[in-house]
Protein chains: 2
Amino acid sequence: MQNTYAIGIDVGGTNTDIGMVRDDSKIVARRSLPTGNYSMLEPYVFDIMEQIKDMVAQGDPEKGVASMAVSDLTGIGMGAPNGNFYTGCVEWAPNLTIKGLLDFKQEFAKYTDRPFVLSNDANAAAYGEFVYGGARGMNHFIMITLGTGVGSGIVVDGRLVHGSTGTAGELGHNILIPDGRRCSCGRKGCLEAYTSARGIVQTYVELRKEKGAPQEAPHMPGWITSDTEDSDITSKMIGDAANAGDPLAKETYRMVAEWLGLACANACTFSAPEAIFLMGGPTKVGDPLLLPLREAFEANLLNIYKGRCEIKMSQLSTNEVAILGAAALIKMK
Amino acid sequence: MQNTYAIGIDVGGTNTDIGMVRDDSKIVARRSLPTGNYSMLEPYVFDIMEQIKDMVAQGDPEKGVASMAVSDLTGIGMGAPNGNFYTGCVEWAPNLTIKGLLDFKQEFAKYTDRPFVLSNDANAAAYGEFVYGGARGMNHFIMITLGTGVGSGIVVDGRLVHGSTGTAGELGHNILIPDGRRCSCGRKGCLEAYTSARGIVQTYVELRKEKGAPQEAPHMPGWITSDTEDSDITSKMIGDAANAGDPLAKETYRMVAEWLGLACANACTFSAPEAIFLMGGPTKVGDPLLLPLREAFEANLLNIYKGRCEIKMSQLSTNEVAILGAAALIKMK
């Protein structure tokens, strides 16, 4: 039987990843665009379509498939922050440089009549985990994605929760600390303000300001030294330092774990999931996040949920899950 | 066509209400037992069954139905704190004097083979609102019940969310204020600690300790005077005082509204409901709660949900919704 191909697009605040996905879940080709360079929808979608056309034109040599056209695709699935499943629009996404109500569905329709399905980027990731990953066979689970922002996809009774608006599942903007840190959404105290890459850096910088970098840092490989400028510090650098034993970096991730553990425990009071999956750059740090996270989660969990929900890492590569999930959205329709 | 009858039982921390419900949603007969007098499951269910037998024995004179037997019922539905839909057990409900894992399904099976369906008391209320009340036709809504405790029932895609454990929908135990007030569940900062009847009284008492009762209170009808003992103050008294203009009582409800508004806004990030319904004693105060609540809700709402979710009062009488919802659970199975 002939293979079929769909496009999966993951719109991140920093990069847009575009992949051509074979129906056996292999990403045949992929491209990337710098999302942050765009301030208008039309040129952005134009450039995405150029990449798509180029990818399909290359075909799938591994399967002996020669050049294809966009019309040969089963469809285009897109995961984007504030992506609305019902309308096909991205609605005022705080982390995108393209502002306002963005009618992607209409814009893509200018180029192709193949099906276009949009959802929240984290919903797409959750759907990818559901179809291809560790959530296979689970009826109730939550995916939390840490990155530039913090997103979530919620599956209840085996279905993605889109809510009355099409934009349900924004746990990153659950207010965790009333009147807390300023968030990118303009409000205060959201989970995202504490556990996004930016939030993690902010915590480190605040801790260092208060306590100073460890005096032995210059002699310890991988530790962050006091002469590293605040603006040069990344969450990855803090993660690496934590794994190298830097006490300030470890303390940072311990605090991140406490915030995230509280948020996960709170999420259980909603849908009592079997598992909460994590994905995204800041989760790659591993134990410095996961060990205190599981502790904080259990400590904050209502007794009736104790021992009945696991915190797990996504079983798909962070690199692939978003594209696979976005492409899989086509099947959901 | 002949009418059918089901039993709806609402297990509250204080009282247990038992009603015989005709299929046209009329409560034909009702009884009450003081839940707090029981510390064991067996005598509690025995006494409930005695009341049920007595009610069915009276028949339904209005419809010319003479004495019936328990075996004539379509079933028994029960709403109880921490009621597990899947197992028929109440699991360690903090507000009940009967402690532990209570297998109601098994216990009722000793008396009758008619269907027995158990759910969270707030789930039952939500289901009542869905079948008979203001949520008819809504696919996504949340019911929050304020009383001795704070419960919630969540409807997503037209179905009650029971989660992987059967005990989903416990927004009363969402931790709203990290490291905040001690809650009846043993943790700290839960919504319930702030917006249950007990939480409302605590807020008033704390405010009065800090600011003193208004000096003019003795001359103002309905205001709470400084010689009213803390232990005599009820949430109803505070509600009445708020409506009579007592500034301390008004301030109390304004604070309750801020906490509840924040919780409602957070709930929207989960399931993006069309409406959040409120019921229970403390909501009867009306404007002193509802006006600041709607304000706090909008102020805390993520922009994509603004104007897209309404705070509403249950359209069923507080007196009836729990029994009707419990009886309606029979139909859901």
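See above for the structure.
Quick look at the structure, then. Predicted model only: the values in this text are computed from it and were never measured.

Cut-offs applied
Residues numbered from 1 in each chain as written. Chains lettered and ligands numbered in written order. Predicted model: local features only at pLDDT ≥ 70, side-chain atom pairs only at ≥ 80, totals over all residues. Heavy atoms only, no water. Pairing = 2+ DSSP bridges. Helix = DSSP H or I, 4+ residues; strand = E, 2+ residues; numbered from the N terminus. Least-squares fit on C-alpha atoms with pLDDT ≥ 70 in both. Contact = heavy atoms within 4.5 Å. Buried < 20%, exposed > 50% of the residue type's maximum accessible area, 1.4 Å probe, protein only. Disulfide = S-S within 2.5 Å. Salt bridge = Lys/Arg side-chain N within 4 Å of Asp/Glu carboxyl O. Nonpolar A, V, L, I, M, F, W, Y, C, P; charged D, E, K, R; others polar. Lys, Arg positive; Asp, Glu negative; His and termini not counted. Polar contact = N/O pair within 3.5 Å; in protein donor to acceptor, adjacent residues only side chain to side chain.

## Concerning the sheet that holds strand S8 (residues 141-146) of chain A
Residues and elements named next belong to chain A.
- Read across the open sheet, the five strands follow the order S10-S9-S8-S11-S12; overall the sheet is mixed. What marks the edges here is a single partner per strand, and that holds for strand S10 (159-160) and strand S12 (310-313).
- Strand direction decides the pairing type here: S8 and strand S9 (residues 150-156), joined by six bridges, are antiparallel. Directly across from Leu146, in S9, lies its bridge partner Val150.

## Some words on the sheet that holds strand S11 (residues 275-279) of chain B
- What the five strands build is an open sheet, ordered S10-S9-S8-S11-S12 (chain B); its pairing is mixed. Strands at the two margins of the open sheet, each flanked by one partner only, are strand S10 (159-160) and strand S12 (310-313) of chain B.

## Remarks on the relation of the copies chain A and chain B
- Overlay of chain A on chain B (RMSD 0.0 Å): rotation 180°, translation along the axis 0.0 Å. Read as a symmetry element, the transformation amounts to a two-fold axis.
- A symmetric contact is evident, with 100% of the interface residues of chain A recurring at the interface of chain B.

## Examining the environment of Pro34 of chain A
- The residue Pro34 of chain A is located in strand S3 (residues 27-34) in this model.
- When the C-alpha positions of Pro34 of chain A and Tyr44 of chain A are compared, they lie 9.6 Å apart, and in sequence the two are 10 residues distant.

## Quick notes on the pairing of strand S2 (residues 15-22) of chain B
Residue and element names in this part refer to chain B.
- With six of its eight residues buried, S2 lies for the most part within the structure.
- Examined bridge by bridge, strand S1 (residues 5-11) and S2 share seven bridges and lie antiparallel to one another. Looking across to S2, one finds that Tyr5 is bridged to Arg22.
- Counted between consecutive antiparallel strands, the loop separating S1 from S2 contains three residues.
- Sheet analysis places S2 next to strand S3 (residues 27-34), joined by seven bridges and oriented antiparallel.

## Some points on the state of the cysteines
All names here are of chain A.
- Applying the stated criterion to the full structure yields zero disulfides over all chains.
- Lacking any disulfide linkage, Cys185 is separated from the closest cysteine sulfur, that of Cys190, by 3.7 Å.
- Judged by its relative accessible area of 17%, Cys185 falls in the buried class.

## What to know about the interface of chain A and chain B
- Listed per partner, the contact involves 45 residues of chain A and 45 residues of chain B.
- Counting every contact that joins chain A to chain B gives four salt bridges.
- One salt bridge in this structure joins Arg159 of chain B and Asp157 of chain A, with 3.2 Å as the shortest N-O distance.
- Of all the secondary structure elements, the ones that give two or more residues to the side of chain A that touches chain B are S9, S10 and helix H7 (247-271) of chain A.
- Residues belonging to the side of chain A that touches chain B are distributed by class as follows: 23 nonpolar, 15 polar and seven charged.

## Describing the side chain of Glu192 of chain A
Residue and element names in this part refer to chain A.
- With respect to the helices and strands, the residue Glu192 is situated in helix H4 (residues 191-195).
- For the buried Glu192, no salt bridge is present, and the opposite-charge side chain at shortest range is Arg198, 4.6 Å distant.
- Within the local environment of Glu192, its side chain forms a polar contact with the backbone nitrogen of Val150, the two atoms lying 2.9 Å apart.
- Those residues in contact with Glu192 that lie beyond four places of it in its chain are Asn95, Gly149, Val150, Gly172, His173, Cys183 and Ser184.

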